[in-house]
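# Commentary on secondary and tertiary structure
Chain by chain, the residues run as shown.
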Amino acid sequence: MGHEDYKQLLALEAVGALDREERARLEAHLPSCAECREESRELADAAASLVYTIAPVQPPPSMRASILARVRALDPSEVFVDPSEAVDPSEARVGPRASARASVPGARDARSLLGGFSLWELLTGRPALGFGAAAAVLTLVLLGATALSLWSRNQSLSAEVARLYDRLRATESEMSAQREQLASARDVEDLLSSPGVRVAELSGKTPAPGGRAMLAYDRSTGRAVIMATGLPPCPEGHAYQLWLIADNKPLPGGTFKTDAEGHAQMSDRLPPGHAAPTFAVTLEREGGVPAPQGDIFLVGTSKG
Amino acid sequence: MSLPNQQTDADDAGLLRAVARGDESAFARVYDRYSPILLGLLLRILRSRAEAEDVLQEVFLQVWQQARSFDESRGRAFTWLVTLARSRAIDRLRSVDSRERAALRSAEDGQPVTQASAPADEDAIRAERAEAVRGALGELPEEQRQVLVLAYLEGMSQSEIAAAKNQPLGTVKTRTRAGLKKLSESLRSRLGQQFA
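Note that the structure is a prediction, hence the values are computed from the model and not measured.

### What to know about the overall build of chain A
Scanning chain A from terminus to terminus reveals seven helices and eight strands. When burial is assessed residue by residue, chain A has 25% of its 304 residues classed as buried. The contacts in chain A between residues at least 6 apart in sequence include a share of 59% that link residues at least 24 apart.

Pasting the structure below:
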C-alpha cells in the first residue's frame with residue numbers, strides 16, 4: 001500500500017468512514033510515519049469542527065446530577081464535592097474530602113477568639129486589664145471552648161456521615177455490577193431465541209487442550225455470543241480474538257480476556273450471511289489484528 | 001480573538017488530564033462546557049431526543065472511564081470528545097432496530113427542545129468558531145461540502161452517500177479528502193495557530 005493510499009485512508013478515518021480492517025491497516029502505518037500522523041491530526045480537527053455549525057441543545061438540568069451520581073458509583077475510591085454548589089462550612093458535608101474542608105473554619109474560629117494571647121495571660125488577667133476587661137476575656141475563653149467542642153462534635157458527625165456514605169456507594173457499585181450481568185444475560189437469551197441462530201461447539205487445540213467453548217451465531221444479523229472455559233490467562237498486551245472462517249478466509253471478530261478461573265464471555269458482531277462457518281479463537285495483540293498471526297486455541301464448526 | 005480560543009484548547013486538554021486522574025470537578029466542567037454542543041450533534045444524527053439524551057449519558061460515562069486514552073498529539077480535546085460522541089451515536093443508529101426507534105420517538109411527542117444558555121464568554125467563542133467554520137465551508141465546491149456534511153454530521157457511510165448521490169464510490173472518497181484538506185487549510189488561516 002502506497003503513501004497516497006494511506007493519505008486517502010486518513011481522510012476517511014477523520015470523517016469516521018473506515019471499516020475495522022482498514023482502520024487496523026492505518027493504525028499499523030501511523031507509528032512509523034510522522035507526516036501521516038500530522039495530517040491525521042489536522043484532518044481530524046477539521047472534521048470535528050463541523051460540529052460548530054450545529055445549534056447546541058441544553059440537556060435537561062436533572063441529567064447533570066444523574067451523570068455525576070453514576071460516575072461516583074463507578075469509582076468508590078473518590079468522593080466529589082461539586083464546585084458549583086455553595087459549600088456551607090457549618091453543614092456536615094458527605095465524604096472525607098468535604099469534612100476536612102468543613103472542619104477548617106471551626107478550628108480557625110476557636111483560635112481567633114483566643115487571639116494572640118497565651119491562655120495563662122488571659123486567665124490570670126494582667127495588671128493592665130481591669131475587671132470589665134477580665135470578664136470580657138473570660139467570656140471569650142468560654143466562647144472559644146464552646147466553639148472547640150462544637151467543632152469536635154462536627155468532626156465526629158462528619159466521620160459518621162462519611163462512613164455511611166462509603167457503605168451506600170459500595171451498595172451502589174454492587175447494584176451496577178448486577179445490572180450489567182443481567183443485561184449480558186438478556187443479550188444471550190435474546191440471541192438464543194432468534195430463529196436464524198446456530199450453535200457451534202469449539203474444542204481446545206495444542207496450547208489449551210482443556211479449552212472448550214459454545215458459540216451462538218445468528219447468520220441473519222451476524223450477532224454472536226461466545227462462552228469459553230479452560231483457557232490460560234492472556235499474557236500482558238495480548239487478548240484472545242474470535243474468527244469466522246468462510247471459504248478458507250478468516251474474518252476478524254472481537255477480542256476478549258479470561259477471568260481468574262479461565263472463563264470468558266463476549267457478545268460480538270460478525271459478518272452475517274454464512275450458513276455453516278468454522279469459528280476459531282487465536283491469541284493476538286491486544287486490540288485485535290486484521291488477519292490471524294497467533295496460535296489457534298479453540299476451533300469448531302457450526303451445525304448448519 | 002485567537003487568544004481566548006487557544007486558552008480554551010489548553011484548558012480543555014488540562015481538564016481531560018485532570019479527569020483521567022479522577023478529578024470529578026474537572027469532569028463536571030467538561031460536562032458543563034460541552035454537553036450542549038454534543039447533545040446538538042447527537043440529536044442531529046439520531047433525530048430522537050430520548051435516544052440522544054441516552055447516548056449523551058453513555059458518552060460522558062465513557063469520558064470518565066477513558067479520559068486517560070486522550071492523546072493531545074492526535075488531536076484537540078474537542079476532537080476527542082466529538083469523535084467519541086459521534087461513534088457512539090453511529091453505533092446506536094446501526095444497532096437499534098426501527099421498531100424500537102419508533103417507540104422511542106412516539107414516547108417523546110410534544111417535548112420541547114430547550115435551547116442552550118451557556119455563559120456569555122463561551123457563547124462568544126462558540127459563535128466565533130461557528131462563523132469561521134461556516135465561512136470555510138462556504139469556500140468549498142458544493143459537492144465537497146455535501147459529502148463532508150453527509151458523512152460527518154449525518155453519519156452516512158461512503159457507499160450510502162455514493163448510492164444517494166448516484167456517484168461512483170471512488171469519486172465520493174476523493175471529494176471527501178479534497179474537501180477536508182481544503183477545510184483544514186481554510187480554518188487554519190481563519191482561526192490561526194490553534195489549527196496549525
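### Quick word on the packing of helix α8 (residues 158-165) of chain B against helix α9 (residues 169-191) of chain B
Residues and elements named next belong to chain B. The geometry of α8 relative to α9 is characterised by a closest axis approach of 9 Å and an angle of 115 degrees between their N-to-C directions. Between α8 and α9, the angle is such that the two are roughly perpendicular. Seen along the crossing, α8 lies across α9 with a hand that is right-handed. Within the contact between the two elements, α8 uses Gln158, Ser159, Ile161 and Ala162 and α9 uses Leu169, Val172 and Lys173. When grouped by side-chain class, the residues that make up the contact of α8 with α9 number four nonpolar, two polar and one charged.

### Brief notes about the sheet that holds strand β1 (residues 197-204) of chain A
Residue and element names in this part refer to chain A. Spatial strand order, β5-β4-β7-β8-β1-β2-β3-β6: eight strands in an open sheet with antiparallel pairing. Among the strands making up the open sheet, the edge pair consists of β5 (249-256) and β6 (264-269). On average, adjacent strands in this sheet sit at an angle of 25 degrees to one another, irrespective of strand direction. Sheet topology places strand β4 (residues 238-246) next to strand β7 (residues 278-285); eight bridges connect them, and they run antiparallel. Each residue of the ladder has a partner; that of Ile245, found in β7, is Thr278.

### Thoughts on the confidence of the model for chain A
Residue and element names in this part refer to chain A. For chain A, per-residue confidence averages 78 on the pLDDT scale, and 80% of positions sit at 70 or higher. When mean pLDDT is compared element by element in chain A, β7 scores highest at 94, while helix α5 (residues 96-114) scores lowest at 38. Here residues 77-128 is a poorly scored stretch, pLDDT under 50, and it has 68 contacts once near neighbours within four places are set aside; other chains count.

### With respect to the nonpolar core
Membership of the largest hydrophobic core comes to 68 residues, with the highest contact counts inside it found for A:Val15, A:Ala47, B:Leu38, B:Leu42, B:Leu81, B:Ala151 and B:Leu180. Among the elements that make up this core, the one with the highest residue count is helix α2 (residues 24-46) of chain B (13 residues). The residues contacting B:Leu38, other than those within four sequence positions of it, are B:Leu56, B:Val59, B:Leu81 and B:Ala85.

### Thoughts on unusual backbone geometry
One non-glycine residue, A:Asn248, adopts positive backbone phi at about 65 degrees. Following the sequence through the fold, A:Asn248 ends up in the loop between β4 and β5. One non-glycine residue, B:Asn166, adopts positive backbone phi at about 55 degrees. For B:Asn166, the location among the structural elements is in the loop between α8 and α9. Judged by the 6 C-beta atoms lying within 10 Å of it, B:Asn166 falls in the exposed class.

### Description of the environment of A:Arg285
Residues and elements named next belong to chain A. Relative to the helices and strands, Arg285 resides in strand β7. Each C-alpha atom, one on Arg285 and one on Gly237, is 6.2 Å from the other, the two residues being 48 residues apart in sequence. Apart from the residues within four sequence positions on either side, Arg285 is in contact with Gly237 and His238.

### Details of the environment of A:Thr258
Residue and element names in this part refer to chain A. Structurally, the position occupied by Thr258 is in the loop between β5 and β6. Take Thr258: there are 19 C-beta atoms within 10 Å of it, and that puts it in the partly exposed class. As for Thr258 and Thr229, which are separated by 29 residues in sequence, their C-alpha atoms are 8.2 Å apart.

### What about the packing of α2(B) against helix α3 (residues 49-66) of chain B?
Residues and elements named next belong to chain B. Packing of α2 against α3 brings their axes to within 9 Å, and their N-to-C directions diverge by 140 degrees. If you check the angle between α2 and α3, you find them oblique. Pair α2 / α3 crosses with right-handed handedness. Where α2 abuts α3, its residues Phe27, Val30, Tyr31, Ser35, Leu38, Leu39, Leu42, Leu43 and Leu46 lie against Arg49, Glu51, Ala52, Val55, Leu56, Val59, Phe60, Val63 and Trp64. By residue class, the composition of the contact of α2 with α3 is 15 nonpolar, one polar and two charged.

### Some words on the confidence of the model for chain B
Residue and element names in this part refer to chain B. Residues of chain B with pLDDT of at least 70 account for 80%, and the chain-wide mean is 83. Per-residue pLDDT stays below 50 along residues 1-5; that stretch engages in nine contacts with residues further than four places along the chain or on separate chains. Within the model, pLDDT remains below 50 along residues 109-116, and this stretch shows eleven contacts once partners closer than five positions in the same chain are excluded. What the predictor reports for the complex is a pTM of 0.52 with an ipTM of 0.86.

### Thoughts on the interface of chain A and chain B
Between chain A and chain B, the contact holds 39 residues from the first and 55 residues from the second. Elements supplying a minimum of two residues to the side of chain A that touches chain B: α1 (3-14), α3 (34-49) and α4 (61-74) of chain A. Classifying every residue of the side of chain A that touches chain B gives 25 nonpolar, six polar and eight charged.

### Details of the pairing of strand β2 (residues 212-218) of chain A
Residues and elements named next belong to chain A. Across seven bridges, the pairing between β1 and β2 is antiparallel. Residue Val199 lies in a different strand from β2, and its bridge partner there is Ala216. Here six bridges tie β2 to strand β3 (residues 223-229), and the two strands are oriented antiparallel to one another. Following the sheet pairing, Tyr217 is matched in β3 by Ala224.

The rules behind these values
- Residues numbered from 1 in each chain as written.
- Chains lettered and ligands numbered in written order.
- Predicted model: local features only at pLDDT ≥ 70, side-chain atom pairs only at ≥ 80, totals over all residues.
- Helix = DSSP H or I, 4+ residues; strand = E, 2+ residues; numbered from the N terminus.
- Buried ≥ 20, exposed ≤ 12 C-beta atoms within 10 Å, placed from the backbone.
- Contact = placed C-beta atoms within 7 Å.
- Axes fitted to C-alpha atoms, helices over the stretch in contact; angles between N-to-C directions.
- Parallel < 35°, antiparallel > 145°, perpendicular 65-115°, else oblique.
- Left-handed = near helix turned anticlockwise from the far one by under 90°.
- Nonpolar A, V, L, I, M, F, W, Y, C, P; charged D, E, K, R; others polar.
- Pairing = 2+ DSSP bridges.
- pLDDT = per-residue confidence, 0-100.
- Core = buried A, V, L, I, M, F, W, Y, C linked by C-beta atoms within 7 Å.

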